[in-house]
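# Chain and residue survey
Read off the chains here:
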4 protein chains.
Amino acid sequence: MVKRTFTILGGDLRSLKLTDLIREDGHIVNIFGFDSYDTASEIGISIESQKQDLGENHELESIIQGVDVVIGPLPCSNDNETINAPFHSKKIYINDVFKVMGKSQLFLAGKISSKIAHLAEVYNVYTIDILNREEMAVLNAIPTAEGALQIAMEEMQITLHDCNALVMGFGRVGKILGKMLHSLGANTFIEARKYSDIAWIKSYSYKPVLINDLEKHLPYMDVVFNTVPAMVLDEKRLDKLHKNCLIIDLASKPGGVDFEKAKALGLKVNWALSLPGKVAPITAAKFIKDTTYNILEELGV
Amino acid sequence: MVKRTFTILGGDLRSLKLTDLIREDGHIVNIFGFDSYDTASEIGISIESQKQDLGENHELESIIQGVDVVIGPLPCSNDNETINAPFHSKKIYINDVFKVMGKSQLFLAGKISSKIAHLAEVYNVYTIDILNREEMAVLNAIPTAEGALQIAMEEMQITLHDCNALVMGFGRVGKILGKMLHSLGANTFIEARKYSDIAWIKSYSYKPVLINDLEKHLPYMDVVFNTVPAMVLDEKRLDKLHKNCLIIDLASKPGGVDFEKAKALGLKVNWALSLPGKVAPITAAKFIKDTTYNILEELGV
Amino acid sequence: MVKRTFTILGGDLRSLKLTDLIREDGHIVNIFGFDSYDTASEIGISIESQKQDLGENHELESIIQGVDVVIGPLPCSNDNETINAPFHSKKIYINDVFKVMGKSQLFLAGKISSKIAHLAEVYNVYTIDILNREEMAVLNAIPTAEGALQIAMEEMQITLHDCNALVMGFGRVGKILGKMLHSLGANTFIEARKYSDIAWIKSYSYKPVLINDLEKHLPYMDVVFNTVPAMVLDEKRLDKLHKNCLIIDLASKPGGVDFEKAKALGLKVNWALSLPGKVAPITAAKFIKDTTYNILEELGV
Amino acid sequence: MVKRTFTILGGDLRSLKLTDLIREDGHIVNIFGFDSYDTASEIGISIESQKQDLGENHELESIIQGVDVVIGPLPCSNDNETINAPFHSKKIYINDVFKVMGKSQLFLAGKISSKIAHLAEVYNVYTIDILNREEMAVLNAIPTAEGALQIAMEEMQITLHDCNALVMGFGRVGKILGKMLHSLGANTFIEARKYSDIAWIKSYSYKPVLINDLEKHLPYMDVVFNTVPAMVLDEKRLDKLHKNCLIIDLASKPGGVDFEKAKALGLKVNWALSLPGKVAPITAAKFIKDTTYNILEELGV
């Protein structure tokens, strides 16, 4: 592999770990945006980087100029103006970053909003949204599904083995979560709308539930995992659930559960977002690395 | 379910079994195109139908008129002129069938060629190709994959358990075959071209082989299953295989193996086509029934 | 099934749930030993029993006399004198229980010590230790294994999927834990001493590690689960582990890890005991019920 | 590993393959008992051995003297007098073999009868029956189970996927066959007598059938695999089966099926014996090698 230079810019534990992982592959990696990060703290990420590496003594410009790739955080920004950098004491403005980037450099990050994309265009910076990459989305479904299992194990007083578990949706997370539940011995019901998905669900020996038949299955479920980003667990359906049924909503905002109604019914709902970075930051960093390499491979950089 | 009337027209054992299955659900089913079928023969399909039902004493017109659905064979025809009816002594012309069909009737069959589709248009007959239905294609991948396993078991002098098995392609058959091989304990390598497929393959714990890395894995394989309808096992790649490696080509014509070269190299190649009807005609009939019902459900017939 | 009468005596949440489960099957169940249990509390066990049932207003004698079976707690006692009854304000002496039991009555409980067994003999009471039943031990391995997975998920910053996990021992917990890890996609190494166990481990497609080869695998492990009740992770072996490796010891006292040495090495060790009652009390109660019924079936009671 | 010398004596394809496998590990191996074996024949075993190795030009004595281990066939003999040597034109008398063996030499073979064992004692020859080794029995269950699947696939007109399959007995073959059926998507019922086996069956998510409940499940089965060496499928039970149900009897003589009654009922029965040598001779040879090495390791030879 060609030896390349990277600058990791801001982000959370995943960015720190990513630094180590890319260095281990023999590349040169700068890191910036961690001046308030306490390397002595017990957070489990083994950060080999020296304190002086973490952004205190560097100018943004010097650390970006000349590198092949700048890797921003996932998500890139929370305000469309500054880089998402929870471990940095000062603000890092996105346009300060773009200003110093040249035409041959690549800017990668997660959730690059249309506003940021527009800014990049203005500054003539080439950006790629890592989270738009299909392989990244597939890989992220693994820690998401494991995190969902962990929550279910923590919240339920029965084993997943031999419980009745319903997964709503058969997309990326639904597929992997269904596989894991089934293989742990749960009676795994998967809801889908398309006949072809029902065929796939049968082929994997899960129990298919066509959306039209959903309501007759709801009363028997011990846990329902929603992966559909639409109001699928509305009042009418929540009403059918057993009062001890646990609901784990994995759908991004606005979620797929009528939370108020669920509360009124006394149902326990766990809305679990951004699981990969929370339950498995090291694995998540590895997936970012792999996807970054794929992008570079494809670009022939 | 609404009680409906069907006419099964021509076809092989699957059509006979389909007749029984639809009748068991309480519908009325005519069958035509089996006048030379020997009900006494030992073919394992339990045909409940009486000899007189099988098409000798009926006029085509009387048996089609008034029914809701006509189900032709899979494939519909081998010559674009007559219905594929291996158990019938006379020819059944497709235009004779279309001639007597009315506007409110539905004609289902497999592989309706553009020529037949054109004919249907001329006669104003509404046709649907069952094999174009995604759920049918997915379901058919199950007997295809099992049939491939059966061939591998028959031809190999080692167990699938702990053998090195490579599946080329991660489409419908690749996915299901990969699952089966892995779960039987084969070291299951799956070749794919897209990074997202590689991610899926990892998520299922199979061993991903990016197409670029294919050749370095080939020498260690005990069996290679091809599912890609393109010349993927060409001379160069065949040359890399161990002489005892078995090749099972599941790709439809023209196949994905350079058969002549393989023969010259002394490699054993098994080109296995149309497995569902051969290895599991009863299951295949059930899938045709399910897909037919899905079509009727969607049409609101 | 014959309608029988039971008295549940002391114990924890499992005993409460057991009461409900046996009642649901149509039997008569008394319960005693929960006078300080707050039914209003949010502990998730749906206790249908009325407050007055829980032992305040009853005499021990009246509640035991005439019932077919008395089911004590698991474990039966912590001091060999009184029934283990954490939710009761007064002491329940074992000899007070045995005194009022007749020859035709059966006393079931977990971990009936030799001292208690001797007492039972003195009072001519027929006892069976539920935890000595092989089926109970097998079933309890399910929540034990799930609890171990939950701890691993909580403590690790990587996914179980694709991690290197070692299970020491291939007994009941080792078998079920190995299956679960493998099916979640962990690279599952299982250590065993007997060649026949190695053969079983191969047959399930886990990676066998003969005890003699253990040390060369240790440095690569992300998590080690010990199920062997002997000092298997001694100083010499702990030294081989990576500093981020998590150790989960499932072996009952005195455990299988040199805890002090592990601490000195900075290794994270989690000694997880009595998981079934902690992680899945309702499932555990169901297993007690099933085993109780099996015992009665065998006795022809 | 210490370099050792072996003589392979008689046997079938497995013995030929065993010769190659042990040579590949760097040991010296003589082979005797294949003088009529046609190396040019297309039997798929790649026999590297030269024709002159196969026993024509050697004296039994010279080929045995001085070697560490003599490996006879599985089974050792069919008549208790001569070595089982289907590819040899002359008889090899067991006592001629034992006569020339010294005290420090080891004789391994399969099914060493009490008569042969007695003879060995007379000649002061140390023998070990490979088939009595637990790991060999476990490993052999793998090709046995695969062979049973192959037969089922060949004989049935439905897929194993989603069929109703019953395995009688939960010993070595029952466990591995159950795992394979379940993972291929069969509705896998396993019959057992012991409550602890029922618990194991549940833990693996197969459907347990206590022997007492067997008869109510029989009418729904598509295939029954018997592994129990006792008359478990007697007239009364055969009567309950559907006429299309396939029976595969894996139990050694006298089998576990009332064959005459089954024939009278028109049931298809396949009595499948000695599957490992038939369906996977190379794998079987590898297992013999592994077990041989284990024996030598244990003996410290």
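Residues numbered from 1 in each chain as written. Chains lettered and ligands numbered in written order. Predicted model: local features only at pLDDT ≥ 70, side-chain atom pairs only at ≥ 80, totals over all residues.

### Points about the overall build of chain A
Along chain A, the regular secondary structure elements total 12 helices and 11 strands. Based on the C-alpha atoms only, the size of chain A along its principal axes is roughly 65 × 40 × 35 Å. Here chain A holds 301 residues, and the buried ones make up 52% of them. (Helix = DSSP H or I, 4+ residues; strand = E, 2+ residues; numbered from the N terminus. Buried ≥ 20, exposed ≤ 12 C-beta atoms within 10 Å, placed from the backbone.)

### Concerning the interface of chain C and chain A
Facing the 23 residues of chain C at the interface are 23 residues of chain A. For the side of chain C that touches chain A, the secondary-structure elements that each account for two or more residues are α5 (134–155), α6 (172–183) and α12 (281–299) of chain C. Top element by residues in the side of chain C that touches chain A is α5 of chain C. It accounts for 6 residues. A per-class count over the side of chain C that touches chain A returns 12 nonpolar, 9 polar and 2 charged. (Contact = placed C-beta atoms within 7 Å. Nonpolar A, V, L, I, M, F, W, Y, C, P; charged D, E, K, R; others polar.)

### A closer look at unusual backbone geometry
With an omega of 10°, the peptide bond running from K253 of chain A to P254 of chain A counts as cis. Inspection of the secondary structure puts P254 of chain A in the loop between β10 (246–249) and α10 (259–264). For N80 of chain D, which is not a glycine, the phi torsion comes out positive at approximately 65°. Looking at the secondary structure, you find N80 of chain D in the loop between β3 (69–71) and α3 (94–100). For N80 of chain D, a count of 13 C-beta atoms within 10 Å gives the class partly exposed.

### Overview of the relation of the copies chain C and chain A
Least-squares fitting of chain C to chain A yields an RMSD of 0.0 Å, with the superposition described by an axial translation of 0.0 Å and a rotation of 180°. Taken together, the rotation and translation relating the two chain copies correspond to the operation of a two-fold axis. Looking at the interface residues of chain C, 100% of them are also at the interface in chain A, so both copies use one shared face. (Least-squares fit on C-alpha atoms with pLDDT ≥ 70 in both.)

### Examining the sheet that holds strand β1 (residues 5–9) of chain C
Residues and elements named next belong to chain C. Pairing in this open sheet of 5 strands is parallel, and the strands run β2-β1-β3-β4-β5 from one edge to the other. Looking at which strands have only one partner, the edges of the open sheet turn out to be β2 (28–32) and β5 (126–129). Taking each pair of neighbouring strands and ignoring which way they run, the sheet shows an average axis angle of 20°. As defined by bridge partners, β1 adjoins β2 across 5 bridges and the pair is classed as parallel. Considered in β2, the bridge of F6 is made with V29. (Pairing = 2+ DSSP bridges. Axes fitted to C-alpha atoms, helices over the stretch in contact; angles between N-to-C directions.)

### Here's the deal with the sheet that holds strand β3 (residues 69–71) of chain B
Residue and element names in this part refer to chain B. Read across the open sheet, the 5 strands follow the order β2-β1-β3-β4-β5; overall the sheet is parallel. In this open sheet, the two edge strands, each paired with only one partner strand, are β2 (28–32) and β5 (126–129). Ignoring which end each strand starts from, the neighbouring axes of this sheet average 20° apart. Pairing geometry for strand β1 (residues 5–9) and β3, over 3 bridges, is parallel. Residue pairing in the sheet places F6 in a bridge with V69 of β3.

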